[in-house]
Amino acid sequence: MGAAAMTTSHPSLGLTDDAIILRTDIESDLDVITRADIQAVIYVPPTLPDWFAELSASVEASWFQIPRTQLPSAARGDIETWLDINLPRGAVAEAVVELLKADILGLVDRLISFGLSSRFMLRIFTEAPTTECGFHVDTVPPGVPVHGLLRVYNGAGTLYTDARDIIDADAFFEYLGRRERLARERNEARADADIAGLCRIEQAIIELDRARPFMRTDTVPRVAPAGSIVAFKHADIGLLWSNTPLNAWVHCSPMEGRPRLVVNVSPAERAHRPARRSEGRTAH
Ligand SMILES: [Fe+2]
């Protein structure tokens with residue numbers, strides 16, 4: 001692993017004692033995310049491939065568009081087929097489409113190489129940043145491996161918190177609960193065309209996001225720049241609101257700027273392990 005390029009932080013959410021966030025310029029370091037003490041690995045390429053510039057310009061001009069899409073449980077072949085059918089053609093050179101497809105499948109292949117899952121949730125979209133989500137942790141279904149990969153191809157970077165900068169888990173989950181409640185109230189105000197309520201709630205969201213009450217005074221979020229690949233721990237949704245220690249990466253999408261292409265791949269199920277004869281049943 002590229003020790004010279006790393007920074008280390010701990011603890012995670014104030015709950016585990018030795019969570020580590022790595023920043024590295026060596027791609028193979030992403031694989032250490034399977035270590036229990038690693039919360040996230042942020043691989044920042046020293047230089048981006050040439051094709052990123054053409055893709056970025058096209059996404060930011062809204063020529064290259066992908067509607068917000070979620071494939072909840074897809075094998076590699078399903079994802080490849082989906083990309084063949086759905087990656088826009090004509091908005092960038094054909095070679096760029098093929099390079100992007102290979103890049104996304106490379107993310108899937110890295111997760112497959114961990115040997116923990118063979119079906120994945122793919123989330124992919126081009127979209128301008130909004131204030132819909134604040135700081136949060138991503139989740140996986142109960143019992144599913146928690147290692148996922150995120151690549152944002154252009155635009156503003158993803159904010160994240162150094163684990164040392166979070167006051168404690170209670171402070172974070174109090175913020176998260178309040179943020180989610182405000183988001184629900186905003187949706188209700190929109191549905192009711194309640195303009196005054198909407199303004200009040202929007203203001204409350206802005207103030208909460210600005211205050212970041214779960215972070216220690218005089219600390220600021222860090223940035224995973226566009227083009228980086230982040231391998232990060234998700235939270236098992238069955239444990240999210242329990243007292244079980246979590247080692248999940250706290251992050252936030254940017255809230256303004258040009259449209260971005262975002263790809264997120266995470267395990268959808270636990271890999272099946274062949275049953276031993278003594279277990280008296282076959283794997284399914
Ligand atoms: Fe997220």
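It should be emphasised that the depicted structure is a prediction, and the values quoted were computed from it without experimental measurement.

## Let's talk about the overall build of the chain
Thinking step 1. Counting secondary structure elements, the chain contains 5 helices and 12 strands.
Thinking step 2. When burial is assessed residue by residue, the chain has 35% of its 284 residues classed as buried.
Thinking step 3. Here the contacts in the chain between residues at least 6 apart in sequence split such that 75% fall between residues at least 24 apart.

## Details of the confidence of the model for the chain
Detailed reading of the predicted coordinates is not advisable wherever pLDDT falls low.
Thinking step 1. This prediction gives the chain a mean pLDDT of 87; 89% of its residues lie at or above 70.
Thinking step 2. Overall, residues 1-12 carries pLDDT values under 50, and its contacts beyond four positions in sequence, including any with other chains, amount to 37 contacts.

## Digging into the sheet that holds strand β7 (residues 158-160)
Thinking step 1. Taken together, the 3 strands give an open sheet; going across it, the order is β8-β7-β11, and neighbouring strands pair in antiparallel fashion. Either end of the sheet is taken by a strand with one partner, and the two such strands are β8 (222-224) and β11 (251-252).

## What to know about the nonpolar core
Thinking step 1. Among the nonpolar cores identified, the biggest contains 61 residues, and Ala40, Val41, Leu55, Val230, Ala231 and Val265 are the most heavily contacted of them.
Thinking step 2. Among the elements that make up this core, the one with the highest residue count is helix α3 (residues 94-113) (7 residues).
Thinking step 3. In this structure, this core is formed jointly by two domains, domain 1 (3-166 + 215-270) and domain 2 (168-214), each of which donates at least three residues.
Thinking step 4. Each residue touching Val41, except ones within four places of it in the same chain, is listed here: Leu22, Thr24, Asp29, Leu30, Val32, Ile33 and Ala231.

## Some points on the packing of helix α2 (residues 76-86) against α3
Pairs of packed helices are described in terms of their axes, by the angle between the two and the distance that separates them.
Thinking step 1. The geometry of α2 relative to α3 is characterised by a closest axis approach of 10 Å and an angle of 170 degrees between their N-to-C directions. In terms of their interaxial angle, α2 and α3 are classed as roughly antiparallel. Residues Arg76, Ile79, Glu80 and Leu83 of α2 lie in contact with α3, whose contacting residues are Lys101, Ile104, Leu105, Val108 and Ile112.
Thinking step 2. In terms of residue class, the contact of α2 with α3 is built from 6 nonpolar, no polar and 3 charged.

## Quick look at the sheet that holds strand β1 (residues 20-24)
Thinking step 1. Across the sheet, which stays open at both edges, the 7 strands sit in the order β1-β2-β9-β6-β12-β4-β3 with mixed pairing between neighbours. Only two strands of the sheet have a single neighbouring strand rather than two, namely β1 and β3 (69-74). Strand-to-strand twist across the sheet, computed as the mean angle between neighbouring axes with direction ignored, equals 15 degrees.
Thinking step 2. Judged from the 5 bridges that link them, strand β6 (residues 147-152) and strand β9 (residues 229-233) form a sheet pairing that is antiparallel. Bridge pairing in β9 places Leu150 opposite Val230.
Thinking step 3. The sheet strands contacting α2 are β3 and β4 (120-127), and the helix crosses β3 at an angle near 155 degrees.

How each quantity is defined
- Residues numbered from 1 in each chain as written.
- Predicted model: local features only at pLDDT ≥ 70, side-chain atom pairs only at ≥ 80, totals over all residues.
- Helix = DSSP H or I, 4+ residues; strand = E, 2+ residues; numbered from the N terminus.
- Buried ≥ 20, exposed ≤ 12 C-beta atoms within 10 Å, placed from the backbone.
- Contact = placed C-beta atoms within 7 Å.
- pLDDT = per-residue confidence, 0-100.
- Pairing = 2+ DSSP bridges.
- Core = buried A, V, L, I, M, F, W, Y, C linked by C-beta atoms within 7 Å.
- Domains from an automatic or database assignment.
- Axes fitted to C-alpha atoms, helices over the stretch in contact; angles between N-to-C directions.
- Parallel < 35°, antiparallel > 145°, perpendicular 65-115°, else oblique.
- Nonpolar A, V, L, I, M, F, W, Y, C, P; charged D, E, K, R; others polar.

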